[in-house]
Every structure is written in structure tokens, then in C-alpha cells.
Amino acid sequence: MTDISIVESFFLCAVQGKGKIFGHDDSKIACLLSAVFEEMIKSGLVEIGAGKLHVARQQEIPADCRPYLTPVFNHLKEVESLELKHIMQDYNSGWSDRHLNALTTAIGTGLADSGFATKAKLGLFNSRVYFMPCKTVIPSLSAELLVNLLYQTPVSAEGGFLWLLLEKSGCIPKEFSEQQRHDISDKITSALQDKKEQELARLNTFTDQLLSMVKHYPV
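The model shown is predicted, which means the values in this text are computed figures rather than measured ones.

K.L.:
I would appreciate a short explanation of the overall build of the chain in the present structure.
P.N.:
Counting secondary structure elements, the chain contains nine helices and four strands. Start at the N end of the chain and walk to the C end: the helices and strands fall as α-α-β-β-α-α-α-β-β-α-α-α-α. Referenced to the eigenvectors of the C-alpha coordinate spread, the extents of the chain come out at roughly 45 × 45 × 40 Å. Out of the 219 residues belonging to the chain, those deemed buried represent 47%. By sequence separation, contacts in the chain at least 24 residues apart represent 66% of the contacts at least 6 residues apart.

Dropping the structure here:
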């Protein structure tokens, strides 16, 4: 499963049972965008500072970037404000799922093409596209994450980041026992307090920043 990105891994866990991330899934949207923006930073497409995104000058996304970054990159080039709070509103909107649908459809299509998910359109007049993880994907992903987090020291920034996204969005797969969840969370908490793990702490702070920007609905 090492060929699946953090964005794709989170998406698979987030859509279980529903096949889609909806516009009211506040924490899922924030965590998905946290993973997307981090990948865009590493790919040199954007920089983040003082609550704003700064888009790279190139007009086209490099060919070696994953296709699902394209709709986000194109969107960022078109918007009037690159403040994070305004970008978050575009993806967590009460009146339009257009940008969220473009992103999640691109992610899901890539996973379906790779055999990790199945694509379905439910109902004759339903325009929504759903992506259901294939039967063995989540157990395999969970087993790999368990080994990386529980049995390896130190915790990798990538593995710790994925766990934080799953934990903050309530998407931890059922394959993890309560004891395993507790032990991993304790290990991640210790890593966040370790001055040597500054990268994981940065990712955690950034994700919390995005979570604070999405609207919250009453339960």
C-alpha cells in the first residue's frame, strides 16, 4: 500500500460506508485539505504563510504531480483571495459542493483506476459519484499503519500525520482495537511533545488551524 498517498489513504478511510465526502462533513473536509495542501507544498505548487496561500508562478501543474492536485491548483489560480479562511469556505460551502466534488472525484477516479475503489452513480437522476473502497483495501491499509505506528520508533511524520487526520475526523478504521487506538494515540502525543519531531508538530498545528476555519453544525 506504499504507493497510495496520504491524501488517498485518508480519502479511502473517510468515505467508508457512504462512498463520498459531503459538504457538511466539516472535519473530513478540513483534514482532506490539510493533506492536499501539504502535498502541494512538497510538490512546490504552493507556499503557506500568515494565513495565506501563495501559488507558484507556473501556469500548468507539473506532469509528475498526482492528477487530483490539478482541480485545486486551477481553483487557487482563479480565486480573488488566497486567504486560507476563504479557500476553506469554497470547499465547505452550504450552497455548493462544486469544488469539493471536483477534488474528491479526481481522487476517487484515480483510486478506481488503480483497483483500490469501485465507482458508482446511485440513482437515475443522481449526479453524485460514489467511490467505495474495495474489500481488502482498508484492512491492508490498517495493518500497514499499525506496524508503522505501533511497532516502529520513532514515528514517521507521514504515518503520524495520517493518524492525526483520521483521529481528528473520526475516521479511524474499525480494524484498530480500543487498546491499539489508545497505545498509538499515546505514542503520537509523546512524539508531538518531542522537540526532535518538529515536522509532525507543524502538521498537527496546521490541521488544527484548518479545522478551526470550517463551519460547525449542531449535532
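K.L.:
Teacher, can you tell me more about the packing of helix α2 (residues 26-42) against helix α3 (residues 69-78) here?
P.N.:
The description of two packed helices rests on the angle between their axes and on the distance between the axes. Direction vectors running N to C along α2 and α3 enclose 80°, while the axes themselves pass 11 Å from each other. In terms of orientation, α2 lies roughly perpendicular with respect to α3. Contact residues: V36, F37, E39 and M40 in α2; L69, V72, F73 and L76 in α3. The residue makeup of the contact of α2 with α3, split by class, is seven nonpolar, no polar and one charged.

K.L.:
Would you mind going over the pattern of salt bridges with me for this structure?
P.N.:
Where charged atoms from two side chains of opposite charge come close, those side chains can pair. A full pass over the atoms with the stated rule returns seven salt bridges. Across the pair E8 and R66 runs a salt bridge, and its minimum N-O distance is 3.2 Å. Of this pair, E8 sits in helix α1 (residues 6-14) while R66 sits in the loop between β2 (52-55) and α3, and the two are 58 residues apart along the sequence. A relative accessible area of 9% means that E8 is categorised as buried. What makes R66 partly exposed here is its relative accessible area of 30%.

K.L.:
Hey, could you run me through the packing of helix α7 (residues 157-169) against helix α9 (residues 198-211) in this one?
P.N.:
The N-to-C vectors of α7 and α9 enclose an angle of 25°; their axes lie 9 Å apart at closest approach. On the basis of the axis angle, α7 is roughly parallel to α9. At the point where α7 passes α9, the crossing takes the right-handed sense. Contact residues: α7 offers A157, G160, F161, L164, L165 and K168, while α9 offers E199, L200, L203, N204, T207, D208 and L211.

K.L.:
Mind showing me how you'd approach the side chain of D26 here?
P.N.:
Within the secondary structure, D26 is located in helix α2. Assessed through its relative accessible area of 8%, D26 is described here as buried. A polar contact is formed between the side chain of D26 and the side chain of N92, at a distance of 3.2 Å.

K.L.:
Any chance you could explain α3 here in plain terms?
P.N.:
Every buried residue of α3 is listed here: L69, V72, F73, H75 and L76. Down the axis of α3, the buried set is contained in an arc of 160°. They therefore lie on one face. Looking at the buried residues of α3, the elements they touch are α2, β1 (46-49), β2, α4 (84-91) and α5 (98-113).

K.L.:
Hey, could you run me through the pairing of β2 in this one?
P.N.:
The two faces of a sheet get side chains in turn, since along a regular strand they alternate between them. Relative to β2, β1 runs antiparallel, the two sharing four bridges. Within β2, the residue paired with V46 across the bridge is V55. Between β1 and β2, which pair antiparallel one after the other, the connecting turn spans two residues, and A50 there sits at a positive phi close to 55°.

K.L.:
Hey, could you run me through the nonpolar core in this one?
P.N.:
Considering soluble globular proteins, one finds that nonpolar side chains tend to be buried as a cluster. F37 and M40 are the most contacted members of the largest nonpolar core, which has 66 residues in total. If one sorts the elements of this core by residue count, α2 sits on top with nine residues. Contact partners of F37, with chain neighbours within four places excluded, come to V46, I48, L53, V72, L84, I87, M88, F206 and L210.

K.L.:
Would you take a moment to explain the pairing of strand β4 (residues 129-133) for this structure?
P.N.:
For β4, the buried fraction is high: four of the five residues fall into the buried class. Two elements, strand β3 (residues 117-121) and β4, share five bridges in a ladder whose sense is antiparallel. Bridge pairing in β4 links T118 to M132.

What counts and what doesn't
Residues numbered from 1 in each chain as written. Predicted model: local features only at pLDDT ≥ 70, side-chain atom pairs only at ≥ 80, totals over all residues. Heavy atoms only, no water. Helix = DSSP H or I, 4+ residues; strand = E, 2+ residues; numbered from the N terminus. Buried < 20%, exposed > 50% of the residue type's maximum accessible area, 1.4 Å probe, protein only. Contact = heavy atoms within 4.5 Å. Axes fitted to C-alpha atoms, helices over the stretch in contact; angles between N-to-C directions. Parallel < 35°, antiparallel > 145°, perpendicular 65-115°, else oblique. Nonpolar A, V, L, I, M, F, W, Y, C, P; charged D, E, K, R; others polar. Salt bridge = Lys/Arg side-chain N within 4 Å of Asp/Glu carboxyl O. Left-handed = near helix turned anticlockwise from the far one by under 90°. Polar contact = N/O pair within 3.5 Å; in protein donor to acceptor, adjacent residues only side chain to side chain. Arc of directions from axis to C-beta. Pairing = 2+ DSSP bridges. Core = buried A, V, L, I, M, F, W, Y, C linked by side-chain atoms within 4.5 Å.

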